[in-house]
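Tertiary structure, described
What follows is each chain in one-letter form.
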Amino acid sequence: MTDQSRSIPLSLFALSIFYGGMVCIAGVLGNKQVALGPLAVEAGIFAFLLLVVTSSSVAELHGRPTANRLVLIGFVPLIVSLVLSMIVLGLPASPQMDSQRLSAFETVMGGTPRIWLGGITAYGISTFLNVTIFSRLKAREGSGLLWLRAGIASVLSQIVDTLIFITIAFYGVFPIGELLLGQMLAKVVLSAVLVPPLVYAFVGLGRSLDQRYAK
């Protein structure tokens, strides 16, 4: 087997690196809620939508099995980053560290076990669901209507993601009905508006990279 036959497409290599980065940063960004008009949404949704875009793009370029492997491998940086955060939080802070900075760091990074569990569970189920819906629509409708396949898969997977995460993380802590409704509405709107054009951009970039690499 030659080196060339063992190599992976450049698009898959680039998208995989990008995917790993988004897996790690999504939980950090989720500590802030942003106002989008009348809607309030945790900022981690932007990184998570990029995970949806990336996995859909990989499914389009390289098939469902490859996209599923990407989602599965995504558990590695996700879990390692969580474990590393727990280790760092458990280590004693330097006496020279400013107390306000230490308090802010612990507030941002110190998620509860329920929030961590909810994030991991929601990530796995919703991203696998996104790839499954996207791929089945492609098998039924053909390679056309990329924008529609991407939008439907993202909207449905985001609804499931919200249900799983908020239920695991906050059920019994406070009433979650209003939070569920607001988060679902915000994520559905963002999925419908942002995901289709981004998938076109990612797929176009991937094909461009592969064409250059093949020359």
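Located above this text is the structure these notes cover.
**Observations regarding the pairing of strand S1 (residues 33-36)**
- Two elements, S1 and strand S2 (residues 39-42), share four bridges in a ladder whose sense is antiparallel. Bridged to Leu36 within S2 is Leu39.

**Here's the deal with the packing of aromatic side chains**
- With the rule as written, the count across this model stands at two aromatic pairs.
- Both rings, one in Phe18 and one in Phe202, keep their centres 5.6 Å apart while their planes meet at 70 degrees; by these two values the pair is edge-to-face. Here Phe18, found in helix H2 (residues 10-29), pairs with Phe202, found in helix H9 (residues 177-214); they are 184 residues apart in sequence, far enough to count as distant.
- Judged by relative accessible area, which is 30%, Phe18 ranks as partly exposed.
- Here Phe202 falls in the buried class, since its relative accessible area comes to 15%.
- Considering the side-chain rings of Phe75 and Tyr123, the 5.1 Å spacing of their centres and the 80 degrees angle between planes classify their relative orientation as edge-to-face. In this pair, Phe75 is assigned in helix H5 (residues 75-90) and Tyr123 in helix H7 (residues 113-141), connecting sequence segments 48 residues apart.

**Observations concerning the side chain of Ser85**
- Within the element layout of this structure, Ser85 appears in helix H5.
- Among the polar contacts listed, one links the side chain of Ser85 to the backbone oxygen of Ser81, at a separation of 2.8 Å.

**Observations concerning the nonpolar core**
- Counting residues in each nonpolar core, the largest one holds 39 residues, and the members touching the most others are Tyr19, Leu51, Tyr123 and Val199.
- Looking at this core, the elements that each hand over two or more residues are H2, helix H3 (44-62), helix H4 (64-73), H5, H7, helix H8 (146-170) and H9.
- Here this core takes ten residues from H3, the largest share from any one element.
- With residues near it in sequence (within four places) discarded, Tyr19 still touches Leu51, Thr54, Ser55, Leu70, Val71, Gly74, Tyr123 and Thr127.

Conventions we followed
- Residues numbered from 1 in each chain as written.
- Predicted model: local features only at pLDDT ≥ 70, side-chain atom pairs only at ≥ 80, totals over all residues.
- Heavy atoms only, no water.
- Pairing = 2+ DSSP bridges.
- Helix = DSSP H or I, 4+ residues; strand = E, 2+ residues; numbered from the N terminus.
- Phe/Tyr/Trp six-rings, centres within 6.5 Å; stacked < 30°, edge-to-face > 60°.
- Buried < 20%, exposed > 50% of the residue type's maximum accessible area, 1.4 Å probe, protein only.
- Polar contact = N/O pair within 3.5 Å; in protein donor to acceptor, adjacent residues only side chain to side chain.
- Core = buried A, V, L, I, M, F, W, Y, C linked by side-chain atoms within 4.5 Å.
- Contact = heavy atoms within 4.5 Å.

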